[in-house]
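Residue strings, one per chain:
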Amino acid sequence: MNISTPPPLTHQSKPTCAIVIGANGGIGSAVIDALQAEESLDIIFAISRTTSSADSSSANKTVWLKSDSTETSIEKVCGHIADFAPVIKYVVIATGTLHNQEKQRMPEKRLGQLNKQNLSEVLEVNAMIPLLWLKSLSPLHQKKSDTRIAVLSARVGSIEDNSLGGWYSYRASKAALNMLLKTLAIEYRRRFPAIKIISFHPGTTDTCLSEPFQANVPQGKLFKPAFVASQLLSLMANSPSDGELSFVDWEHKAIPW
Ligand SMILES: NC(=O)c1ccc[n+]([C@@H]2O[C@H](COP(=O)([O-])OP(=O)(O)OC[C@H]3O[C@@H](n4cnc5c(N)ncnc54)[C@H](OP(=O)(O)O)[C@@H]3O)[C@@H](O)[C@H]2O)c1
């Protein structure tokens, strides 16, 4: 685990923090940039598989933590965050995969392209890893914590909205993610009633993930990561604790399950 120097804390013993997982991704890094302006935050924990390409000097309040998303590493990183005894204001999980960098694994157009390895990989990254992070962060919450948790999902995970077919693994992984989050929201309703969980669809956003599929995006519908980050943060700030999972898009509109 690589750790950058934490900013000095002078005014209180329990720092208020945000935790961003997938911090070097297109949307994750934009969320970190946007959070720098949040005066209520003392620390932003930026978690990534790679070290930061961004400035992690004392000029900002970001503490970079490296994790390869194995269960051991997730627990280690969460244990390190716990040492700060933080009040967690925001958790944003911006990890996800649609294709791999070498483009050997692309979303399936038909059943014949499905294979076990690709299906397992996509389910692991998109559905399992976010829940493992939330599991290991759970001991950091208190009964009265009013944390806002947002996990990056996708509209194509909606069963009702699936009129085009294709993209078997990615669709299934996001539908599975939504079910896992729904189940967590029910558990947290009892354990942490002030926590709010949001499954967020960012819209098509100009990142590595969407890059091979941008050609057919209608004009004005390919969003900048900074715009999406701002929409997400305003959604989180304005979502009341209701014990429900919300499946919501960049316009703050509910998506059918
Ligand atoms: N871009 C879009 O158009 C779009 C549309 C709908 C939904 N989404 C969702 O938005 C989320 C963020 O995507 P993005 O557009 O920002 O894509 P991105 O730039 O490719 O970032 C995704 C990040 O996920 C993390 N990640 C990828 N593979 C991983 C693995 N095997 N293990 C652990 N972490 C892994 C990485 O974070 P680190 O490099 O920091 O480790 C990576 O940078 C995803 O869940 C995606 O499904 C995006």
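For the structure, check the block above.
Residues numbered from 1 in each chain as written. Predicted model: local features only at pLDDT ≥ 70, side-chain atom pairs only at ≥ 80, totals over all residues. Heavy atoms only, no water.

## Describing the overall build of the protein chain
Phase 1 of the analysis: A tally of helices and strands in the protein chain yields five helices and seven strands.
Phase 2 of the analysis: Overall, the protein chain shows an N-to-C arrangement of helices and strands of β-α-β-β-α-β-α-β-α-β-α-β.
Phase 3 of the analysis: For the protein chain, whose C-alpha radius of gyration is 18 Å, the value lies close to the compact-globule estimate of 18 Å for 257 residues.
Phase 4 of the analysis: Across its three principal directions, the C-alpha atoms of the protein chain cover 60 × 40 × 40 Å.
Phase 5 of the analysis: Buried residues in the protein chain amount to 49% of all 257 residues.
Phase 6 of the analysis: Across the protein chain, the fraction of contacts at a sequence separation of at least 24, relative to all contacts at a separation of at least 6, is 72%.
Phase 7 of the analysis: Each charge sign in the protein chain was given a centre, from 26 positive and 23 negative side chains, and these centres are 4 Å apart. (Helix = DSSP H or I, 4+ residues; strand = E, 2+ residues; numbered from the N terminus. Rg over C-alpha atoms; globule rule 2.2 N^0.38 Å. Buried < 20%, exposed > 50% of the residue type's maximum accessible area, 1.4 Å probe, protein only. Contact = heavy atoms within 4.5 Å. Lys, Arg positive; Asp, Glu negative; His and termini not counted. Charge placed at Lys NZ, Arg CZ, Asp CG, Glu CD.)

## A look at the site of the ligand
Phase 1 of the analysis: Around the ligand sit 27 residues in total, of which G26, S48, T95, Y170 and T207 are the nearest.
Phase 2 of the analysis: Between an oxygen atom of the ligand and a main-chain N or O atom of N24, the distance comes to 2.8 Å.
Phase 3 of the analysis: In the complex, 87% of the free accessible area of the ligand, which totals 890 Å², lies under the protein chains.
Phase 4 of the analysis: Going through the elements one at a time, α1 (26-35), α3 (116-137) and α4 (168-191) are the ones with two or more residues in the shell around the ligand.
Phase 5 of the analysis: Per-class residue counts for the shell around the ligand are ten nonpolar, 15 polar and two charged. (Near = heavy atom within 4 Å. Polar contact = N/O pair within 3.5 Å; in protein donor to acceptor, adjacent residues only side chain to side chain. Areas by Shrake-Rupley, 256 points an atom, 1.4 Å probe, with all protein chains shown as cover. Nonpolar A, V, L, I, M, F, W, Y, C, P; charged D, E, K, R; others polar.)

## Considering the pattern of salt bridges
Working definition: two side chains of opposite charge can pair if their charged atoms are close together.
Phase 1 of the analysis: The final tally for this structure, using the stated rule, is eight salt bridges.
Phase 2 of the analysis: Between E121 and R105 there is a salt bridge; the shortest N-O distance is 2.9 Å. Placement of the pair is E121 in helix α3 and R105 in the loop between β4 (87-93) and α3, with a sequence separation of 16 residues.
Phase 3 of the analysis: Assessed through its relative accessible area of 29%, E121 is described here as partly exposed.
Phase 4 of the analysis: In this structure R105 comes out as buried when scored by relative accessible area, which is 5%. (Salt bridge = Lys/Arg side-chain N within 4 Å of Asp/Glu carboxyl O.)

## Describing the nonpolar core
Phase 1 of the analysis: Judged by nonpolar contacts, the single largest core of 34 residues is most densely connected at I19, F45, W133 and I197.
Phase 2 of the analysis: Broken down by element, the residue count for this core peaks at six residues, all from α3.
Phase 3 of the analysis: Counting residues in hydrophobic clusters, the runner-up holds 28 residues, among them I44, V92, L232 and M236. (Core = buried A, V, L, I, M, F, W, Y, C linked by side-chain atoms within 4.5 Å.)

## Some words on the pairing of strand β1 (residues 16-21)
Phase 1 of the analysis: In terms of burial, β1 is largely enclosed, as six of its six residues are buried.
Phase 2 of the analysis: Neither face of β1 is open: one carries T16, A18 and V20, the other C17, I19 and I21, and all of them are buried.
Phase 3 of the analysis: In this structure, β1 lies alongside strand β2 (residues 43-48), joined through five bridges in parallel fashion. By the bridge assignment, I19 is partnered in β2 with F45.
Phase 4 of the analysis: The handedness of the β1 to β2 crossover, carried by α1, is right-handed. (Pairing = 2+ DSSP bridges. Right-handed = clockwise from strand over helix to strand, strands pointing away.)

## Overview of the packing of aromatic side chains
Phase 1 of the analysis: Across all of its chains, the model carries eight aromatic pairs by this definition.
Phase 2 of the analysis: With a centroid separation of 5.1 Å and an interplanar angle of 75°, the aromatic rings of F45 and F84 are classed as edge-to-face. Here F45 is found in strand β2, whereas its partner F84 is found in the loop between α2 (71-83) and β4, with 39 residues between them in sequence.
Phase 3 of the analysis: Aromatic ring contacts, followed pair by pair, group W167, Y170 and F213 into a single cluster. (Phe/Tyr/Trp six-rings, centres within 6.5 Å; stacked < 30°, edge-to-face > 60°.)

## A look at the sheet that holds β4
Phase 1 of the analysis: Spatial strand order, β3-β2-β1-β4-β5-β6-β7: seven strands in an open sheet with parallel pairing. Looking at which strands have only one partner, the edges of the open sheet turn out to be β3 (62-66) and β7 (245-249). Pairwise comparison of adjacent strand axes, ignoring direction, gives a mean angle of 20° for this sheet.
Phase 2 of the analysis: Here six bridges tie β1 to β4, and the two strands are oriented parallel to one another. The residue of β4 that forms the bridge with I21 is I93. (Axes fitted to C-alpha atoms, helices over the stretch in contact; angles between N-to-C directions.)

## Some remarks on the state of the cysteines
Phase 1 of the analysis: Scanning the entire structure with this criterion turns up zero disulfides.
Phase 2 of the analysis: Free cysteine: C17, not disulfide-bonded; nearest cysteine sulfur from C78 at 11 Å.
Phase 3 of the analysis: Residue classification places C17 among the buried residues on the basis of a relative accessible area of 0%. (Disulfide = S-S within 2.5 Å.)

By themselves these figures say nothing about function.
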